[in-house]
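Examination of the molecular architecture
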Amino acid sequence: MRKIAVLTSGGDAPGMNAAIRAVVRSGIAKGWEVYGVKNGYSGLLAGNFIHLGPRDVGGIMQRGGTMLGSARSLEFKTDAGQKKAIRNLNSMGIEGLIVIGGNGSQTGSFKLFESGFPVVGVASTIDNDLYGSEITIGVDTALNIALEAVDRLKITASSHQRAFLLEVMGRDCGYLALMTALAGGAEAVIIPEVPTKPEEIAKQIEEAYEKGKAHAIVIVAEGAEYNAEKLSNYFKDHHETLGFDLRVAILGHIQRGGDPSAYDRLLASRLGSGAVEAMANGIYGVLTGWIQSKITYTPLAEVVANKKTLDKSLIELAAILD
Ligand code: ADP
Ligand code: F6P
């Protein structure tokens, strides 16, 4: 009987549980034995494997987070760490590993593949910054949580004619911020990809008031040069001359902790079972992703060598529609 293992790594994303469930049940349907690795690559180094049957993954699909746990492991980044991980997989008799995670995690899975271990990745991160999948597991839920925050801020902002800044996640990528601004009708957006000075934001807020708006909402990605902290300081220092305040709300990890939306459950179910299909067909060293409404398999070599780009025309659209 074939033995495979699955792990979740990096930042948890709503829908990871649905992906684990899909891997376990699709694998068992093929007559395979499936193991879960606890806490991502850290668990791989600690030899922390658990046997998973169909009932072990019952009742998890509707929950955010990951029942296997996730981690960021520095040791795994080293050659010695990767060798140890492969030794542990081999000593368990594991013949294939499915890695559910984002950019860093797939860089790690590529390292295992380059060292000769059969690996298949599943595209999962709320940042949506992974090359090889138009959308990744967790994005839809995180976006909806951010939108709920914008809608709520607008209510209180309008009552007081206030300007608010909402910081959303996105270390290197402004996807979440831009989509939140577009779908939430924000007056301005600041993302790492487009350097924006605080003076420009102040001007956009002034213009919103001049247009007769009762509020101004600015969305900023945490990775932007002028993030919530720096902008807040700028607006405090210039309060007198500008004549208005900028109140700040930081969404942080609240955004990652929601129960997965229907979209994320469906995407995760398809990608999880797609990863098992790849293994059944002897396809390894690929990222299971979603492009043009189809499951796709992009070589991990391509995934790690390329950066996903943001559709900048959407920045103009957000400006027109605000
Ligand atoms: P994400 O997968 O969400 O982008 P991280 O960037 O934190 O999250 O990566 C998750 C884990 O993947 C890291 O803690 C590390 O163990 C592993 N990893 C990241 N980058 C590399 C790398 N260059 N080589 C090997 N492993 C890596
Ligand atoms: O990669 C997903 C992500 O949520 C980023 O948007 C964010 O910068 C980072 O993880 C936060 O990491 P941690 O949970 O380790 O603080």
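Residues numbered from 1 in each chain as written. Chains lettered and ligands numbered in written order. Predicted model: local features only at pLDDT ≥ 70, side-chain atom pairs only at ≥ 80, totals over all residues. Heavy atoms only, no water.

Looking now at the nonpolar core. Core analysis: the biggest nonpolar cluster contains 59 residues, and Ile98, Ile100, Leu166, Val168, Ile217 and Ile219 have the highest contact counts within it. Element by element, the count of residues in this core is highest for helix α5 (residues 139–160), at 8 residues. The residues that make up this core include at least three from each of domain 1 (3–138 + 260–305) and domain 2 (141–257). The contacts of Val168, once residues within four sequence positions are left out, are Ala146, Leu176, Ala177, Ile219, Val220, Ala221, Glu222, Leu251 and Gln255. (Core = buried A, V, L, I, M, F, W, Y, C linked by side-chain atoms within 4.5 Å. Buried < 20%, exposed > 50% of the residue type's maximum accessible area, 1.4 Å probe, protein only. Helix = DSSP H or I, 4+ residues; strand = E, 2+ residues; numbered from the N terminus. Domains from an automatic or database assignment. Contact = heavy atoms within 4.5 Å.)

What follows is about the site of ligand 2. Within the structure, ligand 2 sits among Arg72, Ile126, Asp127, Met169, Gly170, Arg171, Glu222, His253 and Arg256. Separating an oxygen atom of ligand 2 from a side-chain N or O atom of Arg171 is a distance of 3.4 Å. One of the side-chain nitrogen or oxygen atoms of Arg256 is found 2.8 Å away from an oxygen atom of ligand 2. Taken by itself ligand 2 offers 400 Å² of open surface, and the protein chains cover 78% of this. When the residues that make up the shell around ligand 2 are grouped by side-chain class, the tally is 2 nonpolar, 2 polar and 5 charged. (Near = heavy atom within 4 Å. Polar contact = N/O pair within 3.5 Å; in protein donor to acceptor, adjacent residues only side chain to side chain. Areas by Shrake-Rupley, 256 points an atom, 1.4 Å probe, with all protein chains shown as cover. Nonpolar A, V, L, I, M, F, W, Y, C, P; charged D, E, K, R; others polar.)

Before going further, it helps to examine the site of ligand 1. Around ligand 1 there are 16 residues in total, and Arg72, Ser73, Gly102, Gly104 and Ser105 lie nearest to it. Here Arg72 contributes a side-chain N or O atom positioned 2.7 Å from an oxygen atom of ligand 1. Asn103 has a polar backbone atom sitting 3.3 Å from an oxygen atom of ligand 1. For ligand 1, whose accessible area on its own is 550 Å², the fraction buried by protein is 85%. At 6 residues, helix α4 (residues 103–114) tops the list of elements feeding residues into the shell around ligand 1.

Moving on, we come to the side chain of Ser133. Examined against the element boundaries, Ser133 turns out to sit in the loop between β5 (119–123) and α5. Judged by its relative accessible area of 3%, Ser133 is buried. In this structure the side chain of Ser133 is engaged in a polar contact, spanning 2.7 Å, whose partner is the backbone oxygen of Ile135.

Take the domain arrangement of the protein chain next. We note that the domain assignment places domain 1 (3–138 + 260–305) and domain 2 (141–257) within the protein chain. Carbon and sulfur atoms make up 48% of the surface buried where domain 1 meets domain 2, a total of about 1000 Å² over both sides. Scanning the region where domain 1 abuts domain 2 turns up 1 salt bridge. Put simply, domain 1 and domain 2 have 5 residue pairs in polar contact (both at pLDDT 80 or more) between them. (Buried area = accessible area lost by both parts, 1.4 Å probe. Salt bridge = Lys/Arg side-chain N within 4 Å of Asp/Glu carboxyl O.)

This paragraph deals with α5. Over its 22 residues, α5 runs 32 Å from end to end, which matches the ideal 32 Å to within 8%, given 1.5 Å per residue. Residues of α5 that are buried: Val139, Thr141, Ala142, Leu143, Ile145, Ala146, Leu147, Ala149, Val150, Leu153 and Ala157. Those residues of α5 hidden inside the fold are in contact with β6 (163–168), α6 (175–184), β8 (216–221), β9 (246–250) and α10 (262–280). Backbone geometry just after α5 places Gln161 at a positive phi near 50 degrees. (Expected span 1.5 Å × (residues − 1).)

Right, let's talk about the sheet that holds strand β10 (residues 286–291) for a bit. Here we have 7 strands laid out as an open sheet, ordered β3-β2-β1-β4-β5-β10-β11, and mixed in their pairing. Edge positions in the sheet fall to β3 (49–52) and β11 (294–299), since each has one partner strand and no second. For this sheet, the mean angle separating the axes of adjacent strands, direction not counted, is 30 degrees. Two elements, strand β2 (residues 33–37) and β3, share 4 bridges in a ladder whose sense is antiparallel. Note on β3: the bridge partner recorded for Val37 is Phe49. The sheet strands contacting α4 are β4 (96–101), β5 and β10, and the helix crosses β4 at an angle near 165 degrees. (Pairing = 2+ DSSP bridges. Axes fitted to C-alpha atoms, helices over the stretch in contact; angles between N-to-C directions.)

Right, let's get into the environment of Gly43. Within the secondary structure, Gly43 is located in helix α2 (residues 40–46). Overall, the relative accessible area of 3% leaves Gly43 in the buried class. Along the chain, Gly43 and Gly64 lie 21 residues apart, while their C-alpha atoms are 20 Å from each other. In this structure, Gly43 is in contact with Val37, Lys38 and Asn48, ignoring residues within four places of it in sequence.

A word on the packing of aromatic side chains. Describing an aromatic ring pair means giving the distance of the ring centres and the angle of the ring planes. By the definition in use, this model includes 4 aromatic pairs. Summarising the aromatic geometry, the rings of Tyr41 and Phe76 are spaced 3.8 Å apart at their centres and angled 0 degrees between planes, so their arrangement reads as stacked. Residue Tyr41 is located in helix α2, and its partner Phe76 is located in the loop between β3 and α3 (79–91); the two are separated by 35 residues in the primary sequence. Among the residues examined, Tyr41 registers a relative accessible area of 4% and is labelled buried. Three or more aromatic residues joined by ring pairs make a cluster, and in this case those are Tyr209, Tyr234, Phe235 and Phe244. Over the aromatic face of Tyr226 sits the side chain of Lys230, whose NZ or CZ is 5.6 Å from the ring centroid. (Phe/Tyr/Trp six-rings, centres within 6.5 Å; stacked < 30°, edge-to-face > 60°. Lys NZ or Arg CZ within 6 Å of the ring centre and 35° of its normal.)

Further remarks concern the pattern of salt bridges. If you walk through the whole model with that rule in mind, you get 7 salt bridges. In this structure, the salt-bridge partner of Asp12 is Arg256, at a minimum N-O distance of 2.8 Å. One end of the pair, Asp12, is in the loop between β1 (3–8) and α1 (16–29); the other, Arg256, is in the loop between β9 and α10, and 244 residues separate them in sequence. By relative accessible area, Arg256 is classed as buried at 15%.

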